[in-house]
Amino acid sequence: MAEEWTTEEDVERRKRVLVAEDETIIRLDLCAMIERAGLDVGAARNGEEAIELARWKRPDIALMDIRMPRLDGIEAARLILEERPLPIVMLTAHGDEELVASAVGVGVFGYLVKPFREQDLLPAIQTALARHSDLTSSRRASSPKIDIFIPAAEGKGGWPLTVARRLDGSADVSLRDLQGEDAQ
């Protein structure tokens, strides 16, 4: 079973880091480094646990080993990103171009080759979080909102709506307030 992290009851929620690593010693070392940095951490032993933990605990970032049992890190990253955008940094002892290309192809934000040091890991986390925040902000800024008016089928009136595209591609539809505006 995946290790748990603290609840969201903290007044100022610390950044949550999901660590998916099948080797116990490496997983424990990673978790200790992340906790020393003041971040909240949850750990999974394989790709399937990582997906479940990402789904239920909604981490801010994930660190994932590529080679894991049950489901490898690249496939787990792809499935996690289908559900919710979040920065993912791959951790691996394998630095070959094909693996890097596969990881980049699913949308990961970083790639660290083992062995790495704490002074390598923390900047990679900060960089991935910052790049993801910038990307999210730019998508929000470039995501147009469309105001539409749907007339009632009978009589007067209707529904003034604003439609916007969410980051995951779905639509956000809200009823617009027409106070001070001319109704169509």
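Data block above holds the structure.
Residues numbered from 1 in each chain as written. Predicted model: local features only at pLDDT ≥ 70, side-chain atom pairs only at ≥ 80, totals over all residues. Heavy atoms only, no water.

(A) Just the pattern of salt bridges, in detail. Taken as a whole, this structure holds 11 salt bridges when the rule is applied. One network of salt bridges, in which partners are shared, links E21, D65 and K114. (Salt bridge = Lys/Arg side-chain N within 4 Å of Asp/Glu carboxyl O.)

(B) Structural context of a nonpolar patch on the surface. On the surface, I146, I148, I150, W159 and L175 cluster together to form a nonpolar patch covering roughly 480 Å² of accessible area. The dominant element in the nonpolar patch, judged by the number of residues it contributes, is strand β6 (residues 145-151), at 3 residues. Note that I146 resides in strand β6. (Patch = residues over 30% accessible without salt bridge, like charges linked within 9 Å, V, L, I, M, F, W, Y side chains within 5 Å. Areas by Shrake-Rupley, 256 points an atom, 1.4 Å probe, with all protein chains shown as cover. Helix = DSSP H or I, 4+ residues; strand = E, 2+ residues; numbered from the N terminus.)

(C) Here's a closer look at the sheet that holds strand β3 (residues 61-65). Strand order in this open sheet of 5 strands is β2-β1-β3-β4-β5, and the pairing throughout is parallel. In this open sheet, the two strands that pair with only one neighbour each are β2 (40-44) and β5 (110-113). Going across the sheet, the axis of each strand differs from the next one's by a mean of 20°, ignoring polarity. Helix α1 (residues 24-36) contacts β1 (16-20), β2, β3 and β4 (88-92) of the sheet and is inclined by roughly 170° relative to β2. (Pairing = 2+ DSSP bridges. Axes fitted to C-alpha atoms, helices over the stretch in contact; angles between N-to-C directions. Contact = heavy atoms within 4.5 Å.)

Purely spatial values, then, with no claim about function.
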